[in-house]
Amino acid sequence: MTTAPTSTPSTLPPTRTARLTGAAANYIDERTSISGIVKELGRKIFPDHWSFMLGEVALYSFVVILLSGTWLTFFFQPSMAEVHYEGSYVPLKGLEMSIAYASALDISFDIRGGLLMRQMHHWAALLFIAAIGLHMLRVFFTGAFRKPREINWFVGFVLFILAMAEGFTGYSLPDDLLSGNGLRIIDGMVKAIPIIGVWISYLLFGGEFPGTDVVARFYSLHILLLPAVLVAALGVHMLLLIINKHTQFAGPGKTNDNVVGVPIMPVFAAKAGGFFFIVFGVLTVIAAFFTINPIWNYGPYDPSPVSAGTQPDWYIGFADGALRLVPPHLETVIFGYVFSWNILLPLGVLPLFLGAVAFYPWLEAWITGDKREHHIADRPRNAPVRTAIGAAGVTFYAVLWAAASSDLIATHFGLGIEMVIHTLQALLFIGPVVAFMLTRRICLGLQRKDREIALHGFESGRIVRLPGGEYIEVHEQVDEYERWKLLAYDDYQPLMLRPNARGQITVGERIRSRLSGWFYEDRISPVNQRELEESSHH
Amino acid sequence: MSKKTTSDRSGRGRNTGRRHPLATVALLAIGLMTTGGAYAAVTTAAAADETASPAVTQSTIDEGQVLFDANCASCHGLDAAGTENGPTLIGVGSAAVDFQVGTGRMPMARNQPQAEQKPAQFTDEQVTALAEYVASLAPGPAIPDEEYLQADGDATNGAELFRINCAMCHNVAGAGGALTQGKYAPTLRGVLPQHIYEAMQTGPQNMPVFNDLNLSPEDKADIITYLKYIEDNPAPGGFRLGDLGPVAEGLFMWIFGLGALVAVTVWLTAKSH
């Protein structure tokens, strides 16, 4: 390869550097066969829709977390031994505190650039999980989790949980009042688990809460185990993404069998590289100007005080909200043992909710009996029931989330906190139902409108008087490109209840056909070819 | 001050076990100093009042009574004996009146879960007159000494005491917080040292009283020092986002952080027409 050009006069002799890079590339390729991967990756197609880049926001903020976090490990000391603070923050001078807290304060006040790094790390963590959340919503509402991508949905879900675990362990490390209060709540929840709860708590904290071990243990989890698992899962996630390729929205030439868009190399790679720096930049600006977790305000952890407005970071908020919404006094005493339902209830409901999220792809596939591969992203309106389920789930989550800030809602809107809580309790049950019905109606309405437009064009607003004296509004046809979007979606039928091979109808099948009927009983069929031809004749 | 001197000297006397020739003189001196000290304490308290309004005299008290009858008696009753609409003020002391009227809480406008803070309706002289009038009815906590209001105490001790005694209602950074039934602990930013002291001393509305046995005057001065420290020094981390904690941070990240980046993704993937 590198020897050929010199003989032909028409090609310019390669420059010294070009020859050097060529030789280097060759050297590497001969030993790693990497060129195949580069070719494969480079020809990978990236569809042009903004919502497909949310995962990237998550990925890049994770890189920022890794970099800033590594830097923080140089200075943070995860020990709960007591010292007297002698750093430069005046209102804590001379106070006894753990080494962990003191070193976090030193990072904030006495190490150059430390506060910026701390704030960047924390802000990036908030962004990371927020971006994952939004990315999951995009995948859900476009049906991009369907075959063959179910497994990757699940891996993504695992990443989401790992990210929350990383966030929570990180939140607990500075050993300030806020993080200690957070740990205390977790301790309470663990202890409420019947029989084994107290054992687990003692195991976790190395004795009675708070003990002297938990920071060091969480530190190991936070910087070793969890990141390792997270990076591995991330690798699987990316690999499956490459194998399965992206979904795309329907359009002329975009079918279930191809992927249309810009190849990653070079345009997208350039854009993506730039985008990484944009994410980095946005985080830096935020970290430079906006305080996050001012640990110096909270003081060292001490089990007695609790501050007003003690909340977890946003991603744990839904769990905190669930605890706040449970009515008080829900306890039963059995054989002198207290079952605190006000803790066990959320502890049971939240895993159910998360489980539904994790296994939704299989649930939907079972209900619809759809075993085909899907590479075309659904427009949310074209799957009304799924979209409605999503809306209900979002509402459920949002109510729990709002409940975590019930006190701030009360003070900032001049309401009584009891009223806020009772309203949210009611909303937790009514909200998802209303959201479900409303969303499904809206989707069906939109589908009907799409059908109308595909067949008869859109109203141009131009009123014409016909020779006979009749007034009509002129309808204009949408162009082919637009019309494609309106037409391309699958029509589903409810599953028929059929006896199985042994001629029996099982209970499972009955439930399934019920659910399938519920999924598809109201639907708007896509416009078919005949209708289309008929409509274009008048 | 005088108390400390007393104990020092008597200690030494006991150690020698025998009356020193100068003992009588010392005793005399002690007697003089204690009475003198007590006198001085009384007069400085009076002097502190005098700096606010010259001469605590019967005429000030009379002026206060006139103001009281006109503005407060409808709820608190003539002679401050209390009515259905307001509690008795006998024995609440000048500190309570100075706080309630000085921060604009009194006169109360309407029945609410908590007396709302309004722009103060009286001049400093009038507030003092009202305070003196109420104080003249029965003894009670007095307007604090200037020496405790300088915000030059021990900020570390103040911060610690604040976290233990106040943060559960007012939040660690004094940003305020919710209580039950529509009541709330207000933010402590911009509150005058004098009013902070009086609030602790008198426990307005739903706030507990922190008397001098709970928190000594020096402790109160330390708390004031801490509150003024965080108020007067720029926040180390940049804008504080209201000191509201993780909720404000989460909202900020969702709206401005993720919002900005979504805008960028839309821009990056926009078709170049």
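Residues numbered from 1 in each chain as written. Chains lettered and ligands numbered in written order. Predicted model: local features only at pLDDT ≥ 70, side-chain atom pairs only at ≥ 80, totals over all residues. Heavy atoms only, no water.

Visitor: Summarise the overall build of chain B; cite the residues concerned and give the values.
Guide: Each helix and strand in chain B was counted, giving eleven helices and two strands. Reading the secondary structure of chain B in the N-to-C direction produces α-α-α-α-α-α-α-α-β-β-α-α-α. Across the 273 residues in chain B, those meeting the buried criterion constitute 40%. Across chain B, contacts joining residues at least 24 apart in sequence account for 60% of those joining residues at least 6 apart. Per element, the accessible surface of chain B, about 14,500 Å² overall, is 60% carbon and sulfur. (Helix = DSSP H or I, 4+ residues; strand = E, 2+ residues; numbered from the N terminus. Buried < 20%, exposed > 50% of the residue type's maximum accessible area, 1.4 Å probe, protein only. Contact = heavy atoms within 4.5 Å. Areas by Shrake-Rupley, 256 points an atom, 1.4 Å probe, with all protein chains shown as cover.)

Visitor: Any chance you could break down the domain arrangement of chain B for me, citing the residues and the numbers?
Guide: Residue and element names in this part refer to chain B. When the domains of chain B are assigned, the result is domain 1 (58–137) and domain 2 (146–233). If you average the C-alpha positions of domain 1 and of domain 2, the two centres end up 23 Å apart. Carbon and sulfur atoms supply 51% of the area that domain 1 and domain 2 bury against each other, a total of about 1,100 Å² over both sides. Of all residues in domain 1, F99, P113 and Q114 give up the largest surface area on contact with domain 2, accounting jointly for 47% of the area buried on that side. Where domain 1 packs against domain 2, one counts zero salt bridges. Our enumeration of links across domain 1 and domain 2 arrives at four residue pairs in polar contact (both at pLDDT 80 or more). Split by residue class, the side of domain 1 that touches domain 2 holds six nonpolar, four polar and three charged. (Domains from an automatic or database assignment. Buried area = accessible area lost by both parts, 1.4 Å probe. Salt bridge = Lys/Arg side-chain N within 4 Å of Asp/Glu carboxyl O. Polar contact = N/O pair within 3.5 Å; in protein donor to acceptor, adjacent residues only side chain to side chain. Nonpolar A, V, L, I, M, F, W, Y, C, P; charged D, E, K, R; others polar.)

Visitor: Report on the interface of chain B and chain A, specifying residues and quantitative values.
Guide: The partner chain A presents 63 residues to the 50 residues of chain B that form the contact. On the surface where chain B and chain A come into contact, there are zero salt bridges. Joining chain B to chain A, the criterion identifies twelve residue pairs in polar contact (both at pLDDT 80 or more). The element contributing the most residues to the side of chain B that touches chain A is helix 11 (residues 246–269) of chain B, with 16 residues.

Visitor: Describe a nonpolar patch on the surface, naming the residues involved and giving the relevant values.
Guide: All names here are of chain A. Taken together, the side chains of Y27, I28, I34, I37 and V38 define a hydrophobic patch exposed on the protein surface, amounting to about 470 Å² of accessible area. At the level of elements, helix 1 (16–32) and helix 2 (34–42) are the ones that each hand at least two residues to the nonpolar patch. Sort the elements by how many residues they give to the nonpolar patch and helix 2 lands first, with three residues. You can see I34 is positioned in helix 2. When its relative accessible area of 39% is taken as the criterion, I34 is described as partly exposed. (Patch = residues over 30% accessible without salt bridge, like charges linked within 9 Å, V, L, I, M, F, W, Y side chains within 5 Å.)

Visitor: Provide a residue-level description of the packing of aromatic side chains, including the pertinent values.
Guide: Taken as a whole and judged by the stated rule, the model has 44 aromatic pairs over all chains. With centroids separated by 5.3 Å and ring planes inclined at 55°, the aromatic side chains of F76 of chain A and Y219 of chain A adopt a geometry described as tilted. Of this pair, F76 of chain A sits in the loop between helix 3 (54–73) and strand 2 (82–84) while Y219 of chain A sits in helix 9 (residues 214–244), placing them 143 residues apart in sequence. Taken as a pair, F76 of chain A and Y219 of chain A share a single burial class, namely buried. Ring pairs connect the aromatic residues W314, Y315, F318, F353, F396, Y397 and W401 of chain A together with W254 of chain B, which therefore count as one cluster. Directly above the aromatic system of Y27 of chain A lies the positively charged group of R31 of chain A, at a separation of 3.7 Å from the ring centroid. (Phe/Tyr/Trp six-rings, centres within 6.5 Å; stacked < 30°, edge-to-face > 60°. Lys NZ or Arg CZ within 6 Å of the ring centre and 35° of its normal.)

Visitor: Could you give an account of the packing of helix 16 (residues 417–456) of chain A against helix 17 (residues 480–487) of chain A, naming the residues involved and the relevant values?
Guide: Residues and elements named next belong to chain A. Close contact between helix 16 and helix 17 brings their axes to 9 Å; oriented N to C, the two are set at 140°. With respect to helix 17, the axis of helix 16 lies oblique. For the pair helix 16 and helix 17, the sense of crossing is left-handed. Contacts between helix 16 and helix 17 involve D450, I453 and A454 from the first element and R483, L486 and L487 from the second. Looking at the contact of helix 16 with helix 17 residue by residue, the class counts come to four nonpolar, no polar and two charged. (Axes fitted to C-alpha atoms, helices over the stretch in contact; angles between N-to-C directions. Parallel < 35°, antiparallel > 145°, perpendicular 65-115°, else oblique. Left-handed = near helix turned anticlockwise from the far one by under 90°.)

Visitor: For the domain arrangement of chain A, give the residues involved together with the corresponding values.
Guide: The domains assigned to chain A are domain 1 (17–43), domain 2 (47–341) and domain 3 (379–538). Summarising the inter-unit geometry, the C-alpha centres of domain 1 of chain A and domain 3 of chain A are found 50 Å apart.

Visitor: Hey, could you go over the pattern of salt bridges for me, with residue numbers and the actual values?
Guide: Residues and elements named next belong to chain A. Enumeration according to the criterion identifies 19 salt bridges over all chains in this entry. With a shortest N-O distance of 3.9 Å, R31 and E30 are connected by a salt bridge. The two residues R31 and E30 agree in class, both being exposed. Where R324 meets D320, a salt bridge forms, and the shortest distance between an N and an O atom there is 3.4 Å.

Visitor: With reference to specific residues and values, describe the environment of A115 of chain B.
Guide: Residues and elements named next belong to chain B. Among the structural elements, A115 can be located in the loop between helix 5 (93–102) and helix 6 (124–137). C-alpha separation for the pair A115 and D69, spaced 46 residues apart in sequence, amounts to 20 Å. Leave out the neighbours within four places in its chain, and A115 touches R105, M106, M108 and Q205.

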